[in-house]
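# Geometric and topological summary
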Amino acid sequence: MVKFTKQFEGQLVPEWKDAFVDYSQLKKDLKKIHLLTNKVEKKQTETSFIKTIKSSLGKLSIFGNKERESSRAIKVHTKLASSGSNSDVYETELLEKIADDTDAAKEFFVCLDTQLNKVNQFYKTKEKEFLERGECMKKQMEILIELKDAFKQKQATGESTQESKEDDSISCTISCEEDSVRSRTDQMQLQESCLEDLENNGVGALESPRSEEPIKINSEDSKLRTVSAISYLIKEDLINQSSSKKCGPDGVNKLRISKKKLSHAEKMIKGALTELYKGLNYLKTYRSLNMLAFMNILKKFDKVTGKQILPIYLKVVESSYFNSSDEVIKLSDEVEEWFIKHFAGENRRKAMKYLKPHHRKESHSVTFFIGLFTGCFVALLAGYIIVAHLTGMYRKHSENTFYMETAYPVLSMFGLLFLHLFLYGCNIFMWRKARINYSFIFELGSKNELKFRDVFLICTASMSVIVGVMFVHLLLLAKGYSLRQVQVIPGLLLLVFFLILICPLNIFYKSSRYRLITVIRNIVFSPLYKVVMLDFFMADQLCSQVPMLRNLEYIACYYITGSYATQDYGYCMRVKYYRDLAYAVSFLPYYWRAMQCARRWFDEGETSHLVNLGKYVSAMLAAGTKVAYEKERSVGWLCLVVAMSSIATVYQLYWDFVKDWGLLQHNSNNPWLRNQLMLRQKYIYYFSMVLNLVLRLAWLQTVLHSSFEHVDYRVTGLFLAALEVIRRGHWNFYRLENEHLNNAGKFRAVKTVPLPFREVDEED
């Protein structure tokens, strides 16, 4: 049977953990009372059999009056927190000696009252927040319904003009003016005139989603609300028309509220309702779990002290605000009704799939195939290493250098990619174990969220296929087949994986693949897209995959230019254009990340993003000096490499430890760490900082030129690149831990979805 403590910690909302009842502290206070009671009982043990019988009879004689006497044991006082506050504060007064140690009992009830007051205050704050959001959603729904009904009524009128058939929209007309710029008052008048034109298009009395009475479009409140909707939907059109001197043949221009924009607004409201419903469910979970916590701790108290305090204090808890208020339940029912009626076609089951998405059940077959493919991968890799050793393909002065120049980069590229993906699976496993809400941080839906078993299955299956194909390719070369005959095999392998990535069929985790493509698009076209957590997290991963990107560029050059067919293996290294492009690839991840920092500074206005941008600029300068040193190995360039790389390393280490991980806080309760830690063992954090420092110094290989004896430099490069990937996978856990704690500090458990229709104040 699972203990209540583990059950309680396993079901609570991670971001609201500090707002829940501190059940562990209450248990510690109760344990003190229990230990003191046991000591007193041992001292007062009566050795006489007669005294034992008398004591037992005495207990039996008062047993029937215990409930009546316990009613005078405590009294809970209720008072206002302050003169201007409506929240109640509870204080318990001990009317008689409950435990052998009165101070310990007082300490327990003080802690209990504090927890009850904390729960009530948090619940009231969150309830107010969700109710305000619900009221805003009500107005948004009313606007959306009015505009949707306008489209329906327009279609019902049976307009047969060619324009209405080609463009399904609501249109209104404005007169042309000579001035190129109109004032805000003029634009408002245009909107009102457009509103009158909409009335003529069929916007009449529409039904409200919250009441049975129709909403009259010509009433002041409804008119103001609809104008705000128009101001959103045709804002750009108004600006364009205001700044344009072009007029129609009849001296007027037409503005249209397109159905496309209306569909986009509907999608935004749908997402906002889903997040609101999720937040309301969290609040209901908060109520039920805290109620169970109070009930369980009071039961334990009665068991330890022999008193019956539970009925007295539980009445106070049941009548407190967090348990007696039903506003959340009402709003939750209303959200369900809105969603079922307007987004699910009166189909409750369909609506619940959106509001309460079910996570995919983890199948045992996935675990079986992970083990199967792992065994295949290990066996094939061992065979590949043996054959490569016998043929001497990876030796430094081997005659078969063409293999290391053409085929080995394919294996190296896939090895680094799936090593990174495997470490991501390990991250997911640790995040779940530490109760870090990574799916909320990355804004992953139930459809495109990969479990750690799915990630491991993808890695083991893919690497089994890759190593198997490369093993066959190496065997064919060892048997005497010419490179021209078999060199197409690595290219086909790369092509197959690319086709799987863009495959439109609903196979091989389609939603996750397309989400990955979207994120890569956002990164490549930075700073054109608004930057979210998943975008810059993925860009950071690419900063650790520079060798993989350079291998990809080289392989693309090798196969696209046809060098594999002409057996001109050094073509891509001789042509200056491709050689310079390879160096440019080394800068791209840092450039993309720097552009993301610039976009975040532009959107949010925080100077810390500019400081972060400087970190990636220093990394680009360090990479540039390394490229120059590779071309001209002189003492001057070597000193510049050491200087720039040292500055960049110190910059990066500071940002890793202080900003990304949130460590090295001077006033922390944990020396050189932070106040809150997700891992219990503190030494793990110190070890992680040292490990990150050591792996950050991998650039020293550029200066030392260390290599394994009789091993090709490409093998050494793969080993060093793998160390950087391992460092990044290790970095990922603490980066998300810090992000999770920041969310928990602000009690952010649901995301705030922007709404399409802005509210218009009376001043506007």
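Residues numbered from 1 in each chain as written. Predicted model: local features only at pLDDT ≥ 70, side-chain atom pairs only at ≥ 80, totals over all residues. Heavy atoms only, no water.

On a plain count of helices and strands, the chain comes out with 32 helices and six strands. A burial count over the chain gives 43% of its 764 residues as buried. Residue pairs at least 24 apart in sequence account for 73% of intrachain contacts in the chain once pairs closer than 6 positions are excluded. In the form shown here, the chain has an accessible surface area of approximately 41400 Å², with 58% of it arising from carbon and sulfur atoms. (Helix = DSSP H or I, 4+ residues; strand = E, 2+ residues; numbered from the N terminus. Buried < 20%, exposed > 50% of the residue type's maximum accessible area, 1.4 Å probe, protein only. Contact = heavy atoms within 4.5 Å. Areas by Shrake-Rupley, 256 points an atom, 1.4 Å probe, with all protein chains shown as cover.)

Let us now look at unusual backbone geometry. Excluding glycine, most residues fall at negative phi; most peptide bonds, likewise, are trans. Cis rather than trans, the peptide bond between Ser526 and Pro527 has omega equal to 10 degrees. Summarising the element assignment, Pro527 is placed in the loop between α22 (510–524) and α23 (533–543). Backbone geometry at Glu346 places phi at a positive 65 degrees, although glycine is not the residue there. For Glu346, the location among the structural elements is in the loop between α13 (327–342) and α14 (348–355). Although it is not a glycine, Phe747 sits at a positive phi angle of roughly 55 degrees. Structurally, Phe747 can be placed in the segment after α32 (713–745). Classification of Phe747 as partly exposed rests on a relative accessible area of 25%.

Here we come to the packing of helix α17 (residues 408–433) against helix α24 (residues 546–560). Relative orientation of the contacting elements α17 and α24 amounts to 145 degrees, with a least axis distance of 9 Å. Regarding α17 and α24, the two cross each other, and that crossing is left-handed. Packed against α17, whose contacting residues are Pro409, Val410, Ser412, Met413, Leu416 and Leu417, the element α24 presents Pro547, Met548, Asn551, Leu552, Tyr554 and Ile555 at the interface. The class makeup of the residues in the contact of α17 with α24 is ten nonpolar, two polar and no charged. (Axes fitted to C-alpha atoms, helices over the stretch in contact; angles between N-to-C directions. Left-handed = near helix turned anticlockwise from the far one by under 90°. Nonpolar A, V, L, I, M, F, W, Y, C, P; charged D, E, K, R; others polar.)

What follows covers helix α1 (residues 4–11). Restricting attention to buried positions, one finds in α1 the residues Phe4, Thr5 and Phe8. Axial view of α1: buried residues confined to an arc of 100 degrees, hence all on one face. (Arc of directions from axis to C-beta.)

A word on the pattern of salt bridges. Inspection of every chain in the model, using the stated rule, returns 18 salt bridges. Here Lys330 makes a salt bridge to Asp326, at a shortest N to O gap of 3.8 Å. For Glu737, the salt bridge is made with Arg674, and the minimal N-O distance between the two is 3.4 Å. Within this pair, whereas Glu737 is found in helix α32, its partner Arg674 is found in the loop between α29 (635–660) and α30 (683–696), the two being separated by 63 residues in sequence. Classification of Glu737 as buried rests on a relative accessible area of 0%. Taking the relative accessible area as the measure of exposure, Arg674 reaches 4% and is therefore buried. One network of salt bridges, with partners in common, ties together Asp656, Arg696, Glu724 and Arg727. (Salt bridge = Lys/Arg side-chain N within 4 Å of Asp/Glu carboxyl O.)

What follows is about helix α15 (residues 364–391). Within an α-helix, residues lying three or four positions from one another point in the same direction, as the helix has 3.6 residues per turn. Between its first and last C-alpha, α15 extends 41 Å over 28 residues, near the 40 Å set by a 1.5 Å rise per residue. Restricting attention to buried positions, one finds in α15 the residues Val366, Ile370, Gly383, Tyr384, Val387 and Ala388. Looking at the buried positions of α15, the neighbouring elements they touch are α16 (401–406), α17 and α19 (452–478). Among the residues trailing α15, Gly392 stands out with phi positive, at a value near 70 degrees. (Expected span 1.5 Å × (residues − 1).)

If you look at the biggest cluster of nonpolar residues, it comprises 75 residues, and the most contacted ones within it are Tyr384, Tyr403, Trp431, Phe442, Ile466 and Leu736. In this view, Ile466 contacts Leu411, Phe414, Phe418, Leu493 and Phe497; residues no more than four positions away in its chain are not counted. Membership of the second largest hydrophobic core comes to 72 residues, among which are Tyr90, Ile145, Ile297 and Ala344. (Core = buried A, V, L, I, M, F, W, Y, C linked by side-chain atoms within 4.5 Å.)

Before going further, it helps to examine the environment of Leu638. Take Leu638: it is sitting in helix α29. We classify Leu638 as partly exposed; its relative accessible area is 24%.

Looking at the chain, the pLDDT average stands at 80 and 78% of residues meet or exceed 70. Below a pLDDT of 50 lies the segment residues 234–247, which in the model reaches 29 contacts outside its immediate sequence neighbourhood of four places, other chains included. (pLDDT = per-residue confidence, 0-100.)

Bringing the packing of aromatic side chains into the picture now. A complete count under the given rule lists 36 aromatic pairs for this structure. Plain terms: the ring middles of Phe294 and Phe322 are 6.3 Å apart, the flat faces sit at 45 degrees to each other, and that makes the pair tilted. You can see Phe294 sitting in helix α10 (residues 259–305) and its partner Phe322 sitting in helix α12 (residues 321–324), a full 28 residues away along the chain. Following the ring pairs from residue to residue traces out a cluster consisting of Phe4, Phe8, Trp16, Phe20, Tyr23, Phe122, Tyr282, Tyr286 and Phe747. Sitting over the ring of Tyr321, Lys124 keeps its end group 4.6 Å from the ring centre. (Phe/Tyr/Trp six-rings, centres within 6.5 Å; stacked < 30°, edge-to-face > 60°. Lys NZ or Arg CZ within 6 Å of the ring centre and 35° of its normal.)

Judged by side-chain polarity, Val488, Leu492, Leu495, Phe498, Leu499 and Ile502 come together as a nonpolar surface patch covering roughly 510 Å² of accessible area. By the secondary structure assignment, Leu499 is in helix α21 (residues 488–502). (Patch = residues over 30% accessible without salt bridge, like charges linked within 9 Å, V, L, I, M, F, W, Y side chains within 5 Å.)

What follows covers the state of the cysteines. Disulfides are covalent bonds that link the sulfur atoms of two cysteine residues. Throughout the structure, instances matching the rule amount to zero disulfides. In this structure Cys597 is not part of a disulfide, and its nearest cysteine sulfur, from Cys543, lies 9.4 Å away. The class of Cys597 is buried, set by a relative accessible area of 1%. (Disulfide = S-S within 2.5 Å.)

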